[in-house]
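# Inside the fold
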Amino acid sequence: MIVFAQLSDTHLDTGDERAERAARVMEHLNGLPIDAVLVTGDIADHGEPAEYEQARKVLESPHPVLKCPGNHDVRAPYREVLLDEPPGDGPINRVHRGAGAVFAMCDSTVPGKDHGFLDDETIGWLDRQLAGDPETPAFICFHHPPVTQGIPYVDGIRQFGEERLAEVIGRHPQVKAVLCGHNHSAAATTFAGRPLLVAPGVVSTLRLPWQGGDIADYDAPPGMAFHLLDDDGRLTTHYRTV
């Protein structure tokens, strides 16, 4: 059995309020017997080095913390501060193998834009990672959902070119789910015949079009997802707030 948490959209800005919300989530998770913590993008609000320095402290955990960037993140300072790497501008793709699963953390960002797209380098990388470990359950993780979800604001800046991703998934039956953020709203749907699970936002909750009011609710408690892959290969997701 594998149990891992997913959080998204911390939008840290060096201030105290957002840091407190993210720290509240991490404090809760750090005391739990889970296998990993996934952070699916928009870690920083402006992509500034100081924001990543803050993230480095706030997201500290005894568990493995697996990250990928979102449209508010900037690749060069993200690499330099969070990964201790030279500040390059290419896509930030990382694979993590542990606890009986493969986590492919993909970069769905388009520098300078809000929408998402997996470029050819990322698509090829993902295909190779999955082909190299066909027997182990795999999770594909990135920031931008590759489908519309009835939220006009988010649907307009979702991940495009999704048919290329669907082709990759179709070649690899060990893919258990696609995990993403960006919505600031917990959601569950399907993509390419697999579960597509969206983490709620830490910084805010996006109101749905029929709920009325301002688009973002900053008073709603920060949320997270718990994903459980049991010994029969069944994936179950629980959403919680703290």
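A brief look at the structure comes next. Model, not experiment: these values are computed from the prediction.

### Comments concerning helix H1 (residues 16-30)
- Between its terminal C-alpha atoms H1 stretches 20 Å, which fits the 21 Å expected from 15 residues at 1.5 Å a residue.
- Every buried residue of H1 is listed here: Arg18, Ala19, Arg21, Ala22, Val25, Met26 and Leu29. Buried residues of H1, seen end-on, are gathered within an arc of 160 degrees and therefore sit on one face of the element. Every exposed residue of H1 that faces more than 90 degrees away from the buried side is listed here: Asp16, Glu17 and Glu27.
- For H1, the secondary structure elements touched by its buried residues are strand S1 (2-7), strand S2 (36-40), helix H2 (49-58) and strand S14 (223-229).

### Remarks on the layout of surface pockets
- Its boundaries defined by the atoms lining it, the largest pocket holds a volume of some 330 Å³.
- Forming the walls of the largest pocket are 18 residues, and the residues nearest its centre are His11, His72, Tyr153, His184 and Tyr218.
- Partitioned by chemical class, the residues of the lining of the largest pocket number eight nonpolar, six polar and four charged.
- Size it by volume and the second largest pocket reaches roughly 180 Å³.
- Lining the second largest pocket, in full, are Asn71, Asp73, Val74, Arg75, Asp89, Thr109, Val110, Pro111, Gly112, Lys113 and Asp114.
- For the lining of the second largest pocket, the class distribution of residues is three nonpolar, three polar and five charged.

### Observations concerning the packing of aromatic side chains
- Counted under the stated rule, the structure contains four aromatic pairs.
- Measuring from centroid to centroid gives 4.9 Å for Phe4 and Phe103, while their planes differ by 80 degrees, and the two rings are edge-to-face. With a gap of 99 residues between them, Phe4 in strand S1 and Phe103 in strand S5 (residues 101-105) connect regions that are remote in the sequence. The burial state of Phe4 is the same as that of Phe103; both residues are buried.
- Both rings, one in Phe4 and one in Phe139, keep their centres 5.0 Å apart while their planes meet at 70 degrees; by these two values the pair is edge-to-face. Highlighted residues: Phe4 in strand S1 and Phe139 in strand S7 (residues 138-141), separated in sequence by 135 residues.
- Here the aromatic cluster, defined as three or more aromatic residues joined through ring pairs, consists of Phe4, Phe103 and Phe139.

### Some thoughts on the pairing of strand S9 (residues 175-180)
- Along S9, five of the six residues are buried, which leaves the element largely enclosed by surrounding structure.
- As paired elements, S7 and S9 share four bridges and run parallel to each other. Paired with Ile140 across the bridge in S9 is Val178.
- Pairing of S9 with strand S11 (residues 194-198) involves three bridges; the strand directions are parallel. Bridge assignment links Leu179 to a residue of S11, and that residue is Leu197.

Thresholds, definitions, all that
- Residues numbered from 1 in each chain as written.
- Predicted model: local features only at pLDDT ≥ 70, side-chain atom pairs only at ≥ 80, totals over all residues.
- Heavy atoms only, no water.
- Helix = DSSP H or I, 4+ residues; strand = E, 2+ residues; numbered from the N terminus.
- Expected span 1.5 Å × (residues − 1).
- Buried < 20%, exposed > 50% of the residue type's maximum accessible area, 1.4 Å probe, protein only.
- Arc of directions from axis to C-beta.
- Contact = heavy atoms within 4.5 Å.
- 1 Å grid on protein atoms, 1.4 Å probe; cavity = no way out; pocket = protein on both sides within 12 Å on 5 of 7 lines; lining within 4 Å.
- Points joined across faces, edges and corners; volume = space filled by probe spheres on them.
- Nonpolar A, V, L, I, M, F, W, Y, C, P; charged D, E, K, R; others polar.
- Phe/Tyr/Trp six-rings, centres within 6.5 Å; stacked < 30°, edge-to-face > 60°.
- Pairing = 2+ DSSP bridges.

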